[in-house]
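Here is what each chain is made of, one letter per residue.
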Number of protein chains: 2
Amino acid sequence: MKPDDSRRVFEGTRISVDVELWHGHEREIVRHPGAVAILAVDSEGRATFVRQLREPVRRPLLELPAGTHEPGEEPLATARRELVEEAGLAGGEWRLAARFYSTPGFCDELVHVYIAEGVEETERLPQDDEEIELVRVPVAELDGLLPQIEDAKTLAGLLLYLCGR
Amino acid sequence: MKPDDSRRVFEGTRISVDVELWHGHEREIVRHPGAVAILAVDSEGRATFVRQLREPVRRPLLELPAGTHEPGEEPLATARRELVEEAGLAGGEWRLAARFYSTPGFCDELVHVYIAEGVEETERLPQDDEEIELVRVPVAELDGLLPQIEDAKTLAGLLLYLCGR
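Below, the structure is looked at part by part. (Residues numbered from 1 in each chain as written. Chains lettered and ligands numbered in written order. Predicted model: local features only at pLDDT ≥ 70, side-chain atom pairs only at ≥ 80, totals over all residues. Heavy atoms only, no water.)

1. Considerations on the sheet that holds strand E3 (residues 25–31) of chain B
Residues and elements named next belong to chain B. On the basis of which strands lie adjacent, the open sheet formed by 3 strands has the order E1-E2-E3 and antiparallel pairing. Strands at the two margins of the open sheet, each flanked by one partner only, are strand E1 (5–11) and E3. In this sheet, adjacent strand axes meet at a mean angle of 20° when their direction is disregarded. Note: E1 against strand E2 (residues 16–22), 6 bridges, orientation antiparallel. Looking across to E2, one finds that Arg-7 is bridged to Val-19. (Pairing = 2+ DSSP bridges. Helix = DSSP H or I, 4+ residues; strand = E, 2+ residues; numbered from the N terminus. Axes fitted to C-alpha atoms, helices over the stretch in contact; angles between N-to-C directions.)

2. Points about the pattern of salt bridges
Scanning all chains against the criterion turns up 38 salt bridges over all chains. Arg-51 of chain A is the partner of Glu-133 of chain A in a salt bridge, and the nearest nitrogen-oxygen pair spans 3.3 Å. Taken as a pair, Glu-133 of chain A in strand E11 (residues 132–138) and Arg-51 of chain A in strand E5 (residues 46–54) lie far apart in primary sequence, 82 residues in all. Since its relative accessible area comes to 31%, Arg-51 of chain A is described here as partly exposed. Asp-18 of chain B is the salt-bridge partner of Arg-8 of chain B, the closest N and O atoms lying 2.8 Å from each other. Within this pair, whereas Arg-8 of chain B is found in strand E1, its partner Asp-18 of chain B is found in strand E2, the two being separated by 10 residues in sequence. For Arg-8 of chain B, a relative accessible area of 42% gives the class partly exposed. (Salt bridge = Lys/Arg side-chain N within 4 Å of Asp/Glu carboxyl O. Buried < 20%, exposed > 50% of the residue type's maximum accessible area, 1.4 Å probe, protein only.)

3. Observations regarding the interface of chain A and chain B
Chain A puts 56 residues into the contact, and the matching count from chain B is 56 residues. For the pairing of chain A and chain B, the buried interface totals around 5,000 Å² over both sides, and the portion due to carbon and sulfur atoms is 63%. Between the two partners, chain A and chain B, sit 4 salt bridges. When the shortest N-O distance is used, the salt bridge between Arg-27 of chain A and Glu-55 of chain B registers 3.1 Å. Taken together, chain A and chain B are joined by 20 residue pairs in polar contact (both at pLDDT 80 or more). The set of elements that each furnish at least two residues to the side of chain A that touches chain B consists of strand E1 (5–11), strand E2 (16–22), strand E3 (25–31), E5, strand E6 (59–63), strand E9 (93–101) and helix H3 (152–162) of chain A. Top contributing element to the side of chain A that touches chain B by residue count: H3 of chain A, with 7 residues. Here the residues of the side of chain A that touches chain B are counted per class, giving 30 nonpolar, 7 polar and 19 charged. (Contact = heavy atoms within 4.5 Å. Buried area = accessible area lost by both parts, 1.4 Å probe. Polar contact = N/O pair within 3.5 Å; in protein donor to acceptor, adjacent residues only side chain to side chain. Nonpolar A, V, L, I, M, F, W, Y, C, P; charged D, E, K, R; others polar.)

Right, dumping it as C-alpha cells:
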C-alpha cells in the first residue's frame, strides 16, 4: 500500500513529518526510527526503572529503560545497548514480550518490549544529554506501581510481566 | 517547567511540531490534542474491535475503537462519541481503566482508555474518510487475540481487562 503523493514537511534529527495523500484524504505522518523498552529484573528480584524529564509533557516520568534504534541496529541490540547505557545492567535471559506501534494513527514508531531476567550490574554509560535517576522496585511491589505509570510501553511491559503473558 | 526557547516548525490539521531548547539541548516535539480508546463489551459478552488502514504503517490494524478529542471536549465525552461513530454502540457502565502518554519521549499525546460493559447497538455514524470494518470477539477469546495486537492502546486496554486491573 502506497500513498498517491507524499511530501516531507519537516526533517528533524530524531523525527520527520510527511504529508501524504491517500484516496483524496491528507494524512500527517510522523516518521520515527523505532524504539525498545526493557523490563529488567536482577538476581535480587528487583526491577529497574528510570525517572527522567520528558520535555513534551513538561515533567519527569517513571518509565522502563528505553531508547531509539541507531541506523541499521536490530531491536535486541538496541535493547541490550540501552540497558547498559541507561541502567548499567547486562546479561540475563531475554525474551521479546511484545511488539507494537505506539500510536499508529499518525506515527510509524514500532516499539519492541523485552523482559530480561537475571541481569547483573556493569559499568553505566549515560549519554551526555540524559539526566536519569534509577529507581529499583522489588517485583512483589510492581502491582502497586501500576497507578503511577503514565507511559504506554512501561504500562504494557509491566502488565505483560505481571499477568504472565 | 518550560523550555528556554520554542519555535513551531510544522502546523498541521491534526498535529503540530515544535523545536524547543532545553538547557542547551534541542528537542523535537509533536503536539497532539489527545485521544481515547474504548474496550466495549455488549450484553452478549462480545468485545468490538475495528480494523482500518493505518496509513503510517501501510496496512490495516485491529484496534479498539478510538479517536481524537475535539477542542474543549472532555475525555469521557470523546469516548462516548467515538464509540457511537465508529462502532454504533452506546450505553452501559463505563470506567477509566488507564491514562497514559503514547510516546512521551517526543510527543504529548495523552490517551484515556475506558472499559464499557453492557453497551447496546445504536445508529452508527461513521465519518466520511474512515473505512472501518467492525470485528466482534467473545470475551472468552480475547486472550488468544493478544498475539495479533500491534497497537499500544489496544494492547494496554486488553491486558487491563484480562488481568482484572
